[in-house]
Amino acid sequence: MSTEPRINDRIRVPEVRLVGPSGEQVGIVPLAKALELAQEYDLDLVEVAATARPPVCKLMDYGKFKYESAMKAREARKNQAHTVIKEMKLRPKIDPHDYDTKKGHVVRFLKQGDKVKITIMFRGREQSRPELGFRLLQRLANDVQDLGFVESSAKQDGRNMIMVLGPHKKKTEAMAEARAAADARKAERQGRTTGPDAAEESEAEQAVEASEAPEAVEAVEAPEAPAAEAAEVEQPAEASQDA
């Protein structure tokens, strides 16, 4: 069944309660009169409250109304935050390096505004040492307490022990901050490639190259000076021998 309202000739009632283009109340008028006013204003007669007696109709540009409604719905979906529960599995005797890696994932999830389900998996004789899993969960909760809190305390579930961490930051706030950071990075990259700073950096590099060039020439020519002086000193000795 279509959810779109009836408009113009599809409205099948003898009279309607009419609302004008600016929201003003026109009153109860015959349907023919309402259609005549719609044609006069070059608008559509749209049934906005079909269950009312008589039905309420409004004069509007229906095409524009549908477009604006679609844009609002799209924006609402864009800002809608879906609750997501991530899961991270650990072993009671986890290696320190692996623990740091797992903790890094938990930190990332909490920063994104997601909940995290921590599962400690017991195998074999480990099932007789539930305190190992409890201490590990407590350690992890303390390590990420700046980003999240214990929403569901540690409890045994068969061969596993489960704890749920909730983020301090709401999902919508995390999404907004992520978008702002992405926009800032994009603007920074554009500023580096097209902004005045890029031209200034290029001019500075050229100035540095120009200033370094003479020094390189002098450094090569400098050692020749002593040889020339030695030649000038030796000439009198040869002259004295000829004499």
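Here the structure is a predicted model, which means the values were calculated and not measured.

### Some words on the sheet that holds strand 1 (residues 15-19)
What holds strands together in a sheet is hydrogen bonding between their backbones, with the strands either parallel or antiparallel. Ordered by their spatial adjacency, four strands build an open sheet running 2-1-4-3, and the pairing between neighbours is mixed. Both edges of this open sheet fall to strand 2 (25-30) and strand 3 (44-49), since each of them pairs with a single strand only. Strand after strand, the sheet turns through a mean of 35° between neighbouring axes, direction not considered. Sheet analysis places strand 1 next to strand 2, joined by five bridges and oriented antiparallel. If you follow Val19 over to strand 2, its bridge partner there is Gln25. Sheet strands in contact with helix 1 (residues 31-41) are strand 1, strand 2, strand 3 and strand 4 (56-60), and its direction is about 125° off that of strand 2.

### What to know about the pattern of salt bridges
This model, assessed by the stated rule, comprises five salt bridges. For Glu47, the salt bridge goes to Arg6, with nearest N and O atoms at 2.8 Å. Of this pair, Glu47 sits in strand 3 while Arg6 is found in the segment before strand 1, placing the two residues 41 residues apart along the sequence. Given the relative accessible area of 5%, Glu47 is considered buried. Its relative accessible area of 31% is what places Arg6 among the partly exposed residues.

### What about the sheet that holds strand 8 (residues 160-167)?
Strands sit in the order 5-6-8-7 across an open sheet of four strands; the sheet is mixed. Two strands lie at the open edges of the sheet, namely strand 5 (85-90) and strand 7 (148-157), each paired on one side alone. Along the sheet, successive strands turn relative to each other by an average axial angle of 20°, direction set aside. The pairing of strand 5 with strand 6 (residues 115-121) spans six bridges and is classified as parallel. Bridge pairing in strand 6 links Glu87 to Lys117. The sheet strands contacting helix 3 (residues 96-111) are strand 5, strand 6, strand 7 and strand 8, and the helix crosses strand 5 at an angle near 170°.

### Some details on the environment of Ala52
Structurally, Ala52 is set in the loop between strand 3 and strand 4. Sequence separation between Ala52 and Arg17 is 35 residues; the distance between their C-alpha atoms is 8.9 Å.

### Describing the confidence of the model for the protein chain
Mean pLDDT over the protein chain: 79, with 76% of residues reaching 70 or higher. Low pLDDT (under 50) marks residues 207-243, which in the prediction has zero contacts with non-local residues, meaning those over four places away or in another chain.

### With respect to unusual backbone geometry
The omega torsion of the bond from Arg53 to Pro54 falls at 0°, within 30 degrees of zero and hence cis. Tracing the sequence through the fold places Pro54 in the loop between strand 3 and strand 4. We note that Asn8 has phi near 50°; this positive angle belongs to a residue other than glycine. By the secondary structure assignment, Asn8 is in the segment before strand 1. Phi at Asp42 takes a positive value of approximately 60°, unusual for a residue other than glycine. Tracing the backbone shows Asp42 in the loop between helix 1 and strand 3.

### Looking at the packing of aromatic side chains
All chains considered together, the criterion is met by one aromatic pair. Between the aromatic rings of Tyr62 and Phe65, the centroid separation amounts to 6.2 Å while the plane-to-plane angle is 25°, which identifies the pairing as stacked. Pair noted here: Tyr62 and Phe65 are both in helix 2 (residues 62-79), with a separation of three residues, about one helical turn. Above the plane of the ring of Tyr99 lies Arg139, whose end atom (NZ or CZ) is 3.8 Å from the centre.

What counts, and at which threshold
Residues numbered from 1 in each chain as written. Predicted model: local features only at pLDDT ≥ 70, side-chain atom pairs only at ≥ 80, totals over all residues. Heavy atoms only, no water. Pairing = 2+ DSSP bridges. Helix = DSSP H or I, 4+ residues; strand = E, 2+ residues; numbered from the N terminus. Axes fitted to C-alpha atoms, helices over the stretch in contact; angles between N-to-C directions. Contact = heavy atoms within 4.5 Å. Salt bridge = Lys/Arg side-chain N within 4 Å of Asp/Glu carboxyl O. Buried < 20%, exposed > 50% of the residue type's maximum accessible area, 1.4 Å probe, protein only. pLDDT = per-residue confidence, 0-100. Phe/Tyr/Trp six-rings, centres within 6.5 Å; stacked < 30°, edge-to-face > 60°. Lys NZ or Arg CZ within 6 Å of the ring centre and 35° of its normal.

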